[in-house]
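# Results of the structural survey
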Amino acid sequence: MAVSIKEVARRAGVSLGTVSNVLNRPDQVSEATRERVRRAIAETGYVRNDSARQLREGSSRTLAMVVLDMANPFFTDVAHGAEEEAAGHGAMLVICNSGDDPRREERHLEQIAQQRMRGVLITPADGDGEQALRTLAAQGVPAVLVDRHSDRPDRCSVSVDDVLGGRLAAEHLLGAGHTRIGFVGGPQAVTQVSERRRGAAEAIAAADARLYDIATAAMTFEVGRDAAAALLDSTDRPTAVFCANDLLALGVLQTLTMRGLAVPDDMAVIGYDDIDFAAAAAVPLSSIRQPREELGRAAARLLLEEAAGDGTHRHQHVVFVPELVARRSTVA
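Below is a short write-up of the structure. (Residues numbered from 1 in each chain as written. Predicted model: local features only at pLDDT ≥ 70, side-chain atom pairs only at ≥ 80, totals over all residues. Heavy atoms only, no water.)

## Overview of the overall build of the chain
In terms of regular secondary structure, the chain is built from 13 helices and 12 strands. For a compact globule of 332 residues, the expected C-alpha radius of gyration is about 20 Å, and the chain comes in at 25 Å, more than 25% above that figure. Based on the C-alpha atoms only, the size of the chain along its principal axes is roughly 85 × 40 × 30 Å. Looking at the chain as a whole, 49% of its 332 residues qualify as buried. For the chain, contacts bridging at least 24 residues in sequence account for 72% of all contacts bridging at least 6. As displayed, the chain offers around 15,500 Å² of accessible surface, 49% of which is attributable to carbon and sulfur atoms. Placing the 37 positive and 46 negative side-chain charges of the chain at their respective mean positions leaves the two points 8 Å apart. (Helix = DSSP H or I, 4+ residues; strand = E, 2+ residues; numbered from the N terminus. Rg over C-alpha atoms; globule rule 2.2 N^0.38 Å. Buried < 20%, exposed > 50% of the residue type's maximum accessible area, 1.4 Å probe, protein only. Contact = heavy atoms within 4.5 Å. Areas by Shrake-Rupley, 256 points an atom, 1.4 Å probe, with all protein chains shown as cover. Lys, Arg positive; Asp, Glu negative; His and termini not counted. Charge placed at Lys NZ, Arg CZ, Asp CG, Glu CD.)

See below:
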């Protein structure tokens, strides 16, 4: 049975108001009384009901983060950075996985609003996330776009220059002598996919080379394996492949090695994100590195500033610069 605050007050020999002050306004209580109340809390095993208090006050120490796919290590690393930043400010981060499903995302947001959480970090399932952000704004819940860029003056966003990232990947392959380059991307409705492809396409067109599109419905390891199989069965196949994330690239790598092709001699492969598995692959994977944890930290920092509501916050659009990490999958 839960111990009540009355039992703490009785054990300490003080009033309920004094216990409340020790918990919420300790500077108003003498050190001797604070110590007596803390000892009573320890002896009785009392645990304060923060959720009830926060509901009464309309505030919370809890942030929510809604991501597209927690199976993707990229989002795990972003969430880790956000959690570290939140913890440094005495807040807790709750992770929600939308599975790239707008309806599931909507259910998460409804529950977040009902719990009166302090704010939301969100990578929307529908591209720009306009509907989700309007819903949150109507409910008075601050939100920051993560891994999505926005130019709107009424919100914050944290993203990476994916057009530049796509250009870096293509220029690296072009510099290695490839003139037929495949792009394994995923749904073009995903902003990151379309921007990475655009950057690559611009570089390839400028070099008078050829871009091959290999359409996929998702951005997973299994889809990457299937995409590589389809690629190898085609009559006019490219000599290099740029994948829109590392999971796709690792799937491509596995199929290539299982089919007996040498990487990069027969076909070069480069991914995007530079997750930890990239360097640990049987053929270490070249990739475009994103500052994943710093992405999460910056987003959480902006959200905490906005949620503070002290009038000092100014909306910002933070854009990180990606960098090329060349390994054996593209460098013989």
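Once the structure has been displayed, the description carries forward.
## Thoughts on the packing of helix H1 (residues 5-12) against helix H2 (residues 16-24)
Where H1 meets H2, the axes come as close as 9 Å, and the angle between the chain directions of the two elements is 105°. Relative to H2, the element H1 lies roughly perpendicular. Contact residues: H1 offers Ile5, Lys6, Val8 and Ala9, while H2 offers Leu16, Val19, Ser20 and Leu23. (Axes fitted to C-alpha atoms, helices over the stretch in contact; angles between N-to-C directions. Parallel < 35°, antiparallel > 145°, perpendicular 65-115°, else oblique.)

## A look at helix H11 (residues 246-258)
Helical geometry: 3.6 residues make up each α-helical turn, so side chains three or four residues apart lie on a common side. For H11, which comprises 13 residues, the first-to-last C-alpha distance of 18 Å matches the rise-based estimate of 18 Å (1.5 Å per residue) to within 8%. Of all 13 residues that make up H11, 10 are buried, and the element is covered over most of its length. Sitting at the amino-terminal end of H11 is Asn245, which places a side-chain oxygen 3.3 Å from the backbone nitrogen of Leu247. Gly260 lies just past H11 and shows a positive phi near 85°. (Expected span 1.5 Å × (residues − 1). Polar contact = N/O pair within 3.5 Å; in protein donor to acceptor, adjacent residues only side chain to side chain.)

## Some thoughts on the sheet that holds strand E12 (residues 323-325)
With mixed pairing, six strands are arranged side by side in an open sheet as E7-E6-E8-E9-E10-E12. Edge positions in the open sheet fall to strand E7 (210-214) and E12, since each of these has one partner strand only. Along the sheet, successive strands turn relative to each other by an average axial angle of 20°, direction set aside. Bridge count for strand E9 (residues 268-273) against strand E10 (residues 286-289) is four bridges, and the pairing is parallel. Opposite Tyr272, over in E10, you have Ile288 as the bridge partner. Against the sheet, helix H9 (residues 191-206) contacts strand E6 (180-184), E7, strand E8 (240-243) and E9, and its axis sits at roughly 155° relative to E7. Running over the sheet, H11 touches E6, E8, E9 and E10 and is turned about 155° from E9. (Pairing = 2+ DSSP bridges.)

## Section: H9
For H9, with 16 residues, the first-to-last C-alpha span of 23 Å sits near the 22 Å given by 1.5 Å per residue. Buried residues along H9 sit against helix H8 (162-175), E6, E7, E8 and E9. One or two positions beyond H9, positive phi appears at Asp208, with a value near 55°.

## Some words on the pairing of E7
Alignment of E6 against E7, held across five bridges, turns out to be parallel. Following the sheet pairing, Ile181 is matched in E7 by Leu211. This β-α-β element, E6 to H9 to E7, shows right-handed connectivity. (Right-handed = clockwise from strand over helix to strand, strands pointing away.)

## What to know about the layout of surface pockets
In this structure, the largest pocket occupies an estimated 340 Å³ of space. Residue lining of the largest pocket: 20 residues in total, with Leu68, Asp69, Asn72, Phe75 and Met219 positioned closest to the centre. Taken together, the elements giving at least two residues each to the lining of the largest pocket come down to helix H5 (73-88) and H9. Among the elements that take part in the lining of the largest pocket, H9 stands out by supplying three residues, more than any other. Its residues assigned to classes, the lining of the largest pocket shows nine nonpolar, six polar and five charged. (1 Å grid on protein atoms, 1.4 Å probe; cavity = no way out; pocket = protein on both sides within 12 Å on 5 of 7 lines; lining within 4 Å. Points joined across faces, edges and corners; volume = space filled by probe spheres on them. Nonpolar A, V, L, I, M, F, W, Y, C, P; charged D, E, K, R; others polar.)

## Here we look at the pairing of strand E2 (residues 92-97)
Sheet topology places strand E1 (residues 62-67) next to E2; six bridges connect them, and they run parallel. By the bridge assignment, Ala64 is partnered in E2 with Val94. Crossover handedness for the path E1 to H5 to E2: right-handed.

## What about the side chain of Ser159?
When you line up the elements, Ser159 lands in strand E5 (residues 156-160). Not counting residues within four places of it along the chain, the set of residues in contact with Ser159 comprises Asp147, Arg148, His149, Leu295, Val318, Val319 and Phe320.

By themselves these figures say nothing about function.
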